[in-house]
Amino acid sequence: MNNLISIHTVRFIFLILLQVLLFSKINFLGYINPYIYILFIVLYPVKNNRISFMFVSFLLGLIIDVFMDSGGINATAALVTAFIRPAVLKFSFGAVYEHQALKFSNIDFGQKLIYITILTIIHHFTYFLFEIFNISKIIFVLQNTLFSSLFTITLCILIMTIFSTKSK
Amino acid sequence: MQQIVNFIIRNKSFLFFLLLLSVSVGLTIQSHSYHKSKFINSANSVTGGVYNLSNSVSSYFNLKEENDKLHEENARLRAILNNQPSTTNTYIDTTTFGAKYKFTTGKIIKNSYSLQNNYLTINKGRRDSVKQDLGVISSKGIIGIIDNTNSKYATVISVLNTTNKISGQLKKTNHFGTLSWNGKSPRFIQLTDIQKNAKLTKGDTIITSGRSAIFPKGILVGQIEGYKLDFTKNYYEIEVKLFNDMTNLEHITIIENKDKKLIDNLLKTNE
């Protein structure tokens, strides 16, 4: 248990530093950035206290906000993602999730991809909706969501594959 | 009563979600209005320290370009020194205004240009007498206005911030308007409220007007890339191409107008 907490604490800090020092500076084609800190929300243990999970996600977003001077945009997006996650888990994994026997290391790639895609799109849509904060620019919101999502999903899959702890 | 308690217990995670959501949405709304993001900003010792550390490494990658820029500026300043400007010039040269403006140099430790409301972080703070509402420029033109400060760091509201409004004018005539950003491209900002009877040509230089006490008159902004009349058909909407490459900045100069307090007090008595 202690081991599990320490892994998530290290991941929390590491993802924040990686996000603010590296991934927020990519600005591919001028404005496309991946938001890989949602990996923390993606990989958080399935068996959890929902309230503390939401609070930790909120905190994660808020710390990113402090670094990026973005008010509460990341906090809002992370919180919404954390709140919706159980429903997404149920949708993408179905029975495995219901039986509480879900381990991220031993599920097949397709399901994992669907799960990450849905979470990423929810996160990015909320993020850009609040960042642009202007409903008349909804096309711009959707365009940003699409491009950044593609970038984030690719990177998340890559990072998960590289750091996977699956024993052979 | 029992039912209320039951309701709260049953829906506690949803209520907690609503609570946190209202906090974060509140912070977001606050950040969309000028000068309001008091708590969530990167001018504190932790974030400032992290950015300072990362900048001390990454600044080596741009040394060559920065050197070139400094050379350019040196050459320009030497030219001014050697050819004292004639008094008939339409702009007021700030180098002759030693007493009124105080210049402090600094370095950007965090740059941002891809968001809607961009803030920069610089390595000068209250300790270096940097205060809110001072102007920030680079060797090529305006960058922004100081927002929050702590003892060692300060945040700057970039010109690439949809809440930022700066007074600008044409260099060749005195028609003035408001510089703002529509959030689209980091290379262009918009100059609005220029009267229809102003004569515009593509390539005209836009400078700050000196009407607010933040920037002196004559700081370079950019050149006209295109213009059209706005929906009232009385004012021009001008697309201004910035002289500064906002995506590649390092050395900055902070301008303090020593008469700002006097001017502000005067304006206050008028209200």
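Residues numbered from 1 in each chain as written. Chains lettered and ligands numbered in written order. Predicted model: local features only at pLDDT ≥ 70, side-chain atom pairs only at ≥ 80, totals over all residues. Heavy atoms only, no water.

### Focus: the overall build of chain B
Stage number 1. Counting its secondary structure elements, chain B contains 5 helices and 12 strands.
Stage number 2. Every one of the 271 residues in chain B was classed for burial, and the buried ones make up 44%.
Stage number 3. Counting contacts in chain B only where the partners sit at least 6 residues apart, residues at least 24 apart contribute 62% of the total. (Helix = DSSP H or I, 4+ residues; strand = E, 2+ residues; numbered from the N terminus. Buried < 20%, exposed > 50% of the residue type's maximum accessible area, 1.4 Å probe, protein only. Contact = heavy atoms within 4.5 Å.)

### Focus on the overall build of chain A
Stage number 1. What chain A contains, in helices and strands, is 7 helices and 0 strands.
Stage number 2. From first element to last, N terminus to C terminus, chain A shows the α and β order α-α-α-α-α-α-α.
Stage number 3. For chain A, whose C-alpha radius of gyration is 16 Å, the value lies close to the compact-globule estimate of 15 Å for 168 residues.
Stage number 4. The buried share of chain A, reckoned over its 168 residues, is 51%.
Stage number 5. Considering only intrachain contacts with a sequence separation of at least 6, the fraction spanning at least 24 residues in chain A is 64%.
Stage number 6. Averaging the coordinates of the 11 positive side-chain charges in chain A and doing the same for the 5 negative ones gives two points 11 Å apart. (Rg over C-alpha atoms; globule rule 2.2 N^0.38 Å. Lys, Arg positive; Asp, Glu negative; His and termini not counted. Charge placed at Lys NZ, Arg CZ, Asp CG, Glu CD.)

### Things to note about the packing of aromatic side chains
Stage number 1. Following the criterion strictly, the structure yields 15 aromatic pairs over all chains and no others.
Stage number 2. Aromatic pair F67 of chain A and Y51 of chain B: ring centres 5.5 Å apart, planes at 85°, arrangement edge-to-face. Here Y51 of chain B lies in helix α3 (residues 45-58) and F67 of chain A lies in helix α3 (residues 50-68), a pairing that spans two chains.
Stage number 3. By relative accessible area, F67 of chain A is classed as buried at 5%.
Stage number 4. Put simply, the rings of F12, F40, Y44 and F53 of chain A pair up and form one aromatic cluster.
Stage number 5. Seen from the ring of F176 of chain B, R211 of chain B lies directly overhead, with NZ or CZ sitting 3.7 Å from the centre. (Phe/Tyr/Trp six-rings, centres within 6.5 Å; stacked < 30°, edge-to-face > 60°. Lys NZ or Arg CZ within 6 Å of the ring centre and 35° of its normal.)

### Some thoughts on the nonpolar core
Stage number 1. Core analysis: the largest hydrophobic core is formed by 61 residues, its most contacted members being F104, Y115 and Y127 of chain A.
Stage number 2. Taken together, the elements giving at least two residues each to this core come down to α1 (2-21), α2 (38-43), α3, α4 (73-93), α6 (109-132) and α7 (138-162) of chain A together with α2 (12-31) and α3 of chain B.
Stage number 3. Among the elements that line this core, the one with the most residues is α4 of chain A, at 11 residues.
Stage number 4. Apart from the residues within four sequence positions on either side, Y115 of chain A is in contact with I41, V42, R85, V88, L89, S92, F93 and F104 of chain A.
Stage number 5. Counting 41 residues, the second largest nonpolar core, distinct from the first, contains V156, V159, I194 and Y236 of chain B. (Core = buried A, V, L, I, M, F, W, Y, C linked by side-chain atoms within 4.5 Å.)

### What about the sheet that holds strand β4 (residues 142-149) of chain B?
Residue and element names in this part refer to chain B.
Stage number 1. Read around the closed barrel, the 6 strands follow the order β1-β2-β5-β4-β3-β12; overall the barrel is antiparallel. Going from strand to strand, the sheet's axes swing by 45° on average, the running direction of each strand aside.
Stage number 2. Bridging between strand β1 (residues 101-110) and strand β12 (residues 251-257) involves 7 bridges; their strand directions are antiparallel. What sits directly across from T105, in β12, is T253. (Pairing = 2+ DSSP bridges. Axes fitted to C-alpha atoms, helices over the stretch in contact; angles between N-to-C directions.)

### Side note on the sheet that holds strand β7 (residues 176-180) of chain B
Residues and elements named next belong to chain B.
Stage number 1. As summarised here, the arrangement of the 6 strands in space is β6-β7-β8-β11-β10-β9, forming a closed barrel in which the pairing is antiparallel. Geometrically, the sheet is characterised by an average inter-axis angle of 40° between neighbouring strands, direction not taken into account.
Stage number 2. Pairing geometry for strand β10 (residues 220-229) and strand β11 (residues 235-242), over 7 bridges, is antiparallel. Bridging from a neighbouring strand, G222 pairs with L242 of β11.

### Considering the interface of chain A and chain B
Interfaces are frequently sized by the accessible area removed from exposure as the parts join.
Stage number 1. Contacts between the two partners involve 36 residues from chain A, matched on the other side by 34 residues from chain B.
Stage number 2. At the boundary of chain A with chain B, total buried surface from both sides reaches about 3,100 Å², with 71% on carbon and sulfur atoms.
Stage number 3. Applying the counting rule to chain A against chain B returns 1 salt bridge.
Stage number 4. A salt bridge links D69 of chain A to K110 of chain B, with the shortest nitrogen-to-oxygen separation between them at 2.8 Å.
Stage number 5. The tally of links from chain A across to chain B stands at 11 residue pairs in polar contact (both at pLDDT 80 or more).
Stage number 6. Breaking the side of chain A that touches chain B down by element, the ones donating at least two residues are α1, α3, α4 and α6 of chain A.
Stage number 7. With 10 residues, the single largest contributor to the side of chain A that touches chain B is α3 of chain A.
Stage number 8. Classifying every residue of the side of chain A that touches chain B by side-chain character gives 23 nonpolar, 7 polar and 6 charged. (Buried area = accessible area lost by both parts, 1.4 Å probe. Salt bridge = Lys/Arg side-chain N within 4 Å of Asp/Glu carboxyl O. Polar contact = N/O pair within 3.5 Å; in protein donor to acceptor, adjacent residues only side chain to side chain. Nonpolar A, V, L, I, M, F, W, Y, C, P; charged D, E, K, R; others polar.)

### A word on the confidence of the model for chain B
Should the pLDDT be low somewhere, the predicted coordinates at that spot are not to be read in detail.
Stage number 1. Across chain B, the average pLDDT comes to 82, with 90% of residues at 70 or higher.
Stage number 2. In the model output, the complex is listed with pTM 0.76 alongside ipTM 0.79. (pLDDT = per-residue confidence, 0-100.)

### Examining the side chain of N257 of chain B
Residue and element names in this part refer to chain B.
Stage number 1. Within the secondary structure layout, N257 lies in strand β12.
Stage number 2. On the basis of relative accessibility, which here comes to 6%, the residue N257 falls in the buried class.
Stage number 3. Reaching out from N257, the side chain makes a polar contact with the backbone oxygen of A213 at a distance of 3.2 Å.
Stage number 4. Among the polar contacts made by the side chain of N257, one reaches the main-chain amide nitrogen of D259 at a distance of 3.0 Å.
Stage number 5. What N257 contacts, discounting residues up to four positions off in sequence, is K100, Y101, A213 and I263.

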